[in-house]
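Read off the chains here:
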Amino acid sequence: MSLTTSLSPEALSAFHAETERAYAALREAGLSLDITRGKPAPEQLDLSAELLSLPGADYRAADGTDTRNYGGLLGLPELRAIFADLLGLPAEQLLAADNASLALMHDTLSFALLHGTPESPEPWRDQGDIAFLCPSPGYDRHFALAEHLGFRLIPVDLGDDGPDMDQVREHVADQAVKGIWIVPTYANPTGAVVSEAVAAELAAMETAAPDFRIYWDNAYAVHHLSDERVKSADIVGPCAASGHPNRPLVFASTSKITFAGAGVSFLGGSPENLAWYTGHAGFRAIGPDKVNQLRHARYFKDADGVLALMERHREILAPKFAIVERVLTDRLGPHDVATWTRPKGGYFVSLDVVDGTAAHVVALAKEIGLALTPAGSSFPYKSDPRDRNIRIAPSFPSQADLEQAMQALATCVLLAAAEKALAA
Ligand code: PLP
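Residues numbered from 1 in each chain as written. Predicted model: local features only at pLDDT ≥ 70, side-chain atom pairs only at ≥ 80, totals over all residues. Heavy atoms only, no water.

Novice: Could you give an account of the pattern of salt bridges, with specific residues and numbers?
Specialist: Applying the stated criterion to the full structure yields 20 salt bridges. For E119, the salt bridge goes to R213, with nearest N and O atoms at 2.9 Å. Here the residue E119 occupies a position in the loop between α4 (101-115) and β3 (131-136), and R213 occupies one in strand β7 (residues 213-217), the gap between them amounting to 94 residues. In this structure, D129 and R152 form a salt bridge, with 2.7 Å as the shortest nitrogen-oxygen distance. On the criterion of sequence distance, the pair formed by D129 in the loop between α4 and β3 and R152 in strand β4 (residues 152-159) is long-range, its members being 23 residues apart. Classification of R152 as partly exposed rests on a relative accessible area of 32%. Among the charged side chains, a network of salt bridges with common partners joins D227, R229, E311 and R314. (Salt bridge = Lys/Arg side-chain N within 4 Å of Asp/Glu carboxyl O. Helix = DSSP H or I, 4+ residues; strand = E, 2+ residues; numbered from the N terminus. Buried < 20%, exposed > 50% of the residue type's maximum accessible area, 1.4 Å probe, protein only.)

Novice: Explain the state of the cysteines to me, and be specific about the residues and the numbers.
Specialist: Applying the stated criterion across every chain, the model contains zero disulfides. Sulfur of C134: no disulfide; nearest cysteine sulfur belongs to C239 and is 19 Å away. (Disulfide = S-S within 2.5 Å.)

Novice: Can you lay out the sheet that holds β7 for me, pointing to particular residues and giving the numbers?
Specialist: Taken together, eight strands build an open sheet; the order of strands is β2-β9-β8-β7-β6-β3-β4-β5 and the sheet is mixed. At either margin of the open sheet sits one strand with a lone partner, and together these are β2 (94-96) and β5 (162-163). As defined by bridge partners, β3 adjoins strand β6 (residues 177-182) across three bridges and the pair is classed as parallel. Bridging from a neighbouring strand, L133 pairs with I180 of β6. Along the sheet face, helix α9 (residues 271-284) touches β2, β7, β8 (248-253) and β9 (265-268) and points at about 25 degrees away from the line of β2. (Pairing = 2+ DSSP bridges. Contact = heavy atoms within 4.5 Å. Axes fitted to C-alpha atoms, helices over the stretch in contact; angles between N-to-C directions.)

Novice: Please give an account of the site of the ligand that cites residues and values.
Specialist: Taken together, the residues surrounding the ligand are A100, S101, L102, Y139, V183, N188, D217, A219, Y220, S253, S255 and K256. Within the side chain of S255, a nitrogen or oxygen atom sits 2.6 Å from an oxygen atom of the ligand. Compared with its free state, where it exposes 400 Å², the ligand has 88% of that area covered by protein. When its residues are assigned to classes, the shell around the ligand shows six nonpolar, four polar and two charged. (Near = heavy atom within 4 Å. Polar contact = N/O pair within 3.5 Å; in protein donor to acceptor, adjacent residues only side chain to side chain. Areas by Shrake-Rupley, 256 points an atom, 1.4 Å probe, with all protein chains shown as cover. Nonpolar A, V, L, I, M, F, W, Y, C, P; charged D, E, K, R; others polar.)

Novice: Go over the side chain of H244 with me, naming the residues and quoting the values.
Specialist: Looking at the secondary structure, you find H244 in the loop between α8 (236-241) and β8. Among residues more than four places away in sequence, those in contact with H244 are A203, A204, M205 and C239.

Okay, here's the thing in structure tokens:
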């Protein structure tokens with residue numbers, strides 16, 4: 001991609017001058033805009049306002065449990081049943097915990113490091129070099145967490161239907177490789193959806209590490225943006241059928257269904273994995289916040305209740321994704337300077353600009369008051385080998401702010417592309 005292929009030298013100079021003028025006008029406008037993090041907008045949080053008055057005086061769960069008291073490490077059966085339905089798992093293979101599935105990922109990695117998994121010959125921390133596969137671009141906090149806990153991060157390419165399996169197979173032949181991050185549905189940031197074929201390969205492949213884990217983070221399982229409600233591939237069934245029942249750990253949460261900071265998280269997997277988790281988690285806490293779990297169960301009623309709520313989220317989110325698509329198409333489409341994703345769900349659009357210009361685009365945007373996620377954030381060690389990827393998070397700003405932010409971003413992308421073409 002480059003402007004030099006689409007413009008003559010004279011046209012390029014004129015285009016650069018014109019884009020510089022547009023950029024200067026934006027600077028004059030004194031913007032203060034932010035499209036960095038995938039947070040729900042206040043109107044989305046308002047959808048679940050009823051939660052704040054639940055469960056009321058009736059604090060007993062269906063089986064009579066007093067949710068105000070200690071205990072119940074597996075979480076409330078009625079809420080587990082709802083999400084088991086949505087995630088395609090047997091309810092006894094899914095537990096409900098506190099807010100933040102990221103905390104479950106942190107804890108399970110920490111338990112494996114400190115104590116090993118059921119198949120580990122020794123705790124991971126005693127095994128020397130340990131590494132995690134990071135399909136990229138991916139979720140920055142996955143990579144940061146693994147790095148923080150001492151794993152070596154190995155990038156592998158992420159395609160439209162999951163990670164490049166040739167690369168994955170090559171790396172898992174090394175016993176230092178302990179696991180892989182997978183966001184199976186509407187991945188952050190590309191929107192990729194893991195196909196059943198790729199899931200089957202991940203389940204069946206031979207790994208040198210006997211205790212290899214798939215961190216199957218289904219954060220966006222029900223976060224559809226189109227009529228095509230893409231169905232998540234199953235990983236627990238294929239892993240069990242391939243003789244690797246403990247390989248997958250499934251994560252999900254209501255962070256982007258109800259309240260991002262006060263939701264419920266879920267951990268799914270084999271009975272042995274859940275017993276392993278509770279065996280360690282029981283030292284960390286006596287039980288989760290069951291009052292919160294009860295009010296979520298009462299609020300949703302059943303799986304259809306969750307899907308109906310997600311339709312209302314879609315009514316708020318889909319027009320914002322349409323703004324992103326329209327501005328990128330109108331402003332960047334006519335030039336050979338960018339490609340971007342058109343996700344069918346999830347929270348992000350992944351924009352690839354001219355190679356070597358992403359960091360410059362982010363710096364140009366910062367100068368005029370537009371905050372973008374730092375370039376490289378979606379790659380291990382925050383290092384994008386082609387310096388081209390920018391993650392766009394359209395959910396939080398109002399439609400008016402998002403329109404302004406996208407127009408400003410388009411100008412920055414064009415200016416950086418023009419500068420690079422002129423310097424060539
Ligand atoms: N997983 C993915 C892929 C995400 O994009 C996010 C948030 O952006 C999370 C997990 C965070 O989930 P939670 O709020 O349950 O910790």
